[in-house]
Amino acid sequence: MTDQHDSVRSAPRAIGSFEPPLRTLMGPGPSNVHPRVLAAMARPTIGHLDPVFVAMMEELKELLRYAFQTSNGTTFPISGPGSVGMEACFVNLVEPGDTVVVCRNGAFGGRMVENVERCGGHAVIVDDEWGRPVSLDKVADALDAHPEARVVAFVQAETSTGAHSNPRPLVALAHERDCLTIVDTVTALGGCPVKVDEWEIDAVYAGTQKCLSCPPGLAPVSFGERALQRVQARTTRCQSWFMDLSLQLGYWSAGTRTYHHTAPVNALYGLHEALRLLAEESLEAAWARHRRNHEALVAGFEAMGLRQHVAAADRLPQLNLIVVPDGIDEALVRRRLLDEHDLEVGAGLGVLAGKVWRVGLMGETCREKNVLLCLEAFENALVSQGLRLSSGAGVAAARAFLASSR
Ligand SMILES: Cc1ncc(COP(=O)(O)O)c(C=O)c1O
């Protein structure tokens, strides 16, 4: 027998507790978390099958139905980030050989294509320029060319481009052609209208770290009747054990509550509190807050002579793409914002890398004071690189807009 102590690696003692700096998170997510959500997450962990916890799960489902504006019984948070919500929709609704029309006007539409292909489906890609909404006409053409299509999938709020695509006409068109719809609302939920029942969306997923003022790690989903019928009518077994809806519902259905996986108990306390905050504020007020602060931010950047990447009618209030002026080092600006103002903004992705900044105004971050902080910090960083700006013009324009819209 060997001496076990010979093989024990020594404990790393010099590692202290991790103390993150206090940042203002104005990137593409995560955004700042409301203190009430953080406090809720610090409460004692209890069992994920404890009757008290189970009662909280039912409240959470009710709160999510409010956020999604749906009466769908199958509305719950999947344990995992938004990507798991995306994957859950595709693995349950796409079978090998299925044709799926996927709208790709940014990075996340591209991930939908990957999902379809990994499910053994055939993706018919409808491409639109990054920064433009999904074109209804192009989707109609794709459906004309592929009458066998069974699903249409698109992203409502493209976080990589700042463009909004209106789900209502896209869903109506898909239904005319007997297709189900999968809609990504990761960045949309809580920041702009998402009306699952009124728009008749069949399957929808979101994330917690954007406009819900909650940390990352959970993926709220909702499935309507047509989607559930499609799941029941499958002729092949869902290839994912974890995301198989019938197994997930064993835990999340009020009647069953059997063990599926150990739910992230404290993260669910946090989402419960975040959704309570949203209900207290009301969806309409949250949408109006995002729109008003967005308009103040745009007024400020325009007064500084900086352009938006997305046309006014298609802009997301919660995610603003600012075009990098000629001669400016965009990475250096982000570095200065972080080092000197504890302010995080995002870089451009894919074809927009180096060309834009992505400035988020989501959830708890979406406050007047952050609009003003951001404009002031940008002015400092741009002036330090030699850009000639009229001092304080951005902040003054934003303040004037805010004062006129009280
Ligand atoms: C539109 C969109 N879809 C999906 C995702 C993936 O979410 P997560 O990073 O939580 O997996 C994101 C994340 O930024 C997103 O913005």
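Now for a description of the structure that goes with this document. These numbers come from a predicted model, not from an experiment. (Residues numbered from 1 in each chain as written. Predicted model: local features only at pLDDT ≥ 70, side-chain atom pairs only at ≥ 80, totals over all residues. Heavy atoms only, no water.)

Quick notes on the packing of helix H11 (residues 283-303) against helix H13 (residues 368-384)
At their nearest, the axes of H11 and H13 sit 10 Å apart, and the two run at 20° to each other. Between H11 and H13, the angle falls in the class roughly parallel. In the packing of H11 onto H13, the handedness of the crossing is right-handed. Judged by residue contacts, Arg292, Asn293, Ala296, Leu297, Gly300 and Phe301 of H11 engage Glu368, Val371, Cys374, Leu375 and Phe378 from H13. Considering only residue class, the contact of H11 with H13 consists of 7 nonpolar, 2 polar and 2 charged. (Axes fitted to C-alpha atoms, helices over the stretch in contact; angles between N-to-C directions. Helix = DSSP H or I, 4+ residues; strand = E, 2+ residues; numbered from the N terminus. Parallel < 35°, antiparallel > 145°, perpendicular 65-115°, else oblique. Left-handed = near helix turned anticlockwise from the far one by under 90°. Contact = heavy atoms within 4.5 Å. Nonpolar A, V, L, I, M, F, W, Y, C, P; charged D, E, K, R; others polar.)

Points about the state of the cysteines
A covalent bond bridging the sulfur atoms of two cysteines is what the word disulfide describes. Enumeration according to the criterion identifies 0 disulfides in this entry. In this model Cys374 remains outside any disulfide bridge; the closest cysteine sulfur is found in Cys366, 12 Å from its own. On the basis of relative accessibility, which here comes to 0%, the residue Cys374 falls in the buried class. (Disulfide = S-S within 2.5 Å. Buried < 20%, exposed > 50% of the residue type's maximum accessible area, 1.4 Å probe, protein only.)

Observations concerning the site of the ligand
Taken together, Pro81, Gly82, Ser83, Phe108, Val155, Ala157, Thr159, Asp184, Val186, Thr187, Gln209 and Lys210 make up all the residues around the ligand. Within the contact set of the ligand, an oxygen atom lies 2.4 Å away from a side-chain nitrogen or oxygen of Thr159. In the complex, 86% of the free accessible area of the ligand, which totals 380 Å², lies under the protein chains. In a pocket analysis with a 2 Å cut-off to the grid points, the ligand is assigned to the second largest pocket. Looking at side-chain class alone, the shell around the ligand contains 5 nonpolar, 5 polar and 2 charged residues. (Near = heavy atom within 4 Å. Polar contact = N/O pair within 3.5 Å; in protein donor to acceptor, adjacent residues only side chain to side chain. Areas by Shrake-Rupley, 256 points an atom, 1.4 Å probe, with all protein chains shown as cover. 1 Å grid on protein atoms, 1.4 Å probe; cavity = no way out; pocket = protein on both sides within 12 Å on 5 of 7 lines; lining within 4 Å. Sits in = over half its atoms within 2 Å of the grid points.)

Description of the sheet that holds strand E4 (residues 122-127)
Pairing is mixed across the open sheet formed by 7 strands, whose spatial order is E2-E10-E9-E8-E5-E3-E4. Single-partner strands in this sheet number two, and they are strand E2 (74-79) and E4. Put simply, the sheet's adjacent strands are angled 20° from each other on average, direction ignored. Where strand E5 (residues 151-155) meets strand E8 (residues 180-184), 5 bridges bridge the pair, whose relative direction is parallel. Each bridged residue has a counterpart across the sheet, and for Ala153 the counterpart in E8 is Ile182. (Pairing = 2+ DSSP bridges.)

Things to note about the layout of surface pockets
In this model, the largest pocket occupies a volume close to 370 Å³. What lines the largest pocket is a set of 14 residues, among which Leu22, Arg23, Leu25, Asn32 and Val33 lie closest to the centre. For the lining of the largest pocket, a count of residues per class yields 10 nonpolar, 2 polar and 2 charged. Within this model, the second largest pocket holds a volume of roughly 270 Å³. Taken together, 18 residues make up the lining of the second largest pocket; nearest its centre are Phe108, Arg111, Val186, Gln209 and Lys210. Within the residue set of the lining of the second largest pocket, elements represented by two or more residues are helix H3 (82-93) and helix H4 (107-118). Considered class by class, the residues forming the lining of the second largest pocket number 9 nonpolar, 5 polar and 4 charged. (Points joined across faces, edges and corners; volume = space filled by probe spheres on them.)

Description of the environment of Glu340
If you trace the backbone, Glu340 turns up in helix H12 (residues 330-341). Sequence-wise, Glu340 and Leu218 are 122 residues apart; in three dimensions their C-alpha atoms are separated by 32 Å.

Digging into the pattern of salt bridges
Enumeration according to the criterion identifies 24 salt bridges in this entry. Here Glu280 and Arg276 are joined by a salt bridge, their closest N and O atoms 3.9 Å apart. Taken together, the residues span about one helical turn, with Glu280 and Arg276 both in helix H10 (residues 265-281) at a distance of 4 residues. In this structure, Arg334 and Glu330 form a salt bridge, with 2.9 Å as the shortest nitrogen-oxygen distance. Here the residue Arg334 and the residue Glu330 both occupy positions in helix H12, the gap between them amounting to 4 residues, near one helical turn. The exposure class of Glu330 is buried, given its relative accessible area of 10%. (Salt bridge = Lys/Arg side-chain N within 4 Å of Asp/Glu carboxyl O.)

Topic: the nonpolar core
The biggest cluster of nonpolar side chains holds 99 residues, and the ones touching the most others in it are Phe90, Val101, Val139, Ile182, Phe223 and Leu275. Of all the elements, helix H2 (residues 51-68) adds the most residues to this core, at 9 residues. What Leu275 contacts, discounting residues up to four positions off in sequence, is Leu60, Leu63, Leu64, Ala67 and Leu212. Listed in part, the 29 residues of the second largest apolar core include Leu297, Met304, Leu337 and Leu343. (Core = buried A, V, L, I, M, F, W, Y, C linked by side-chain atoms within 4.5 Å.)

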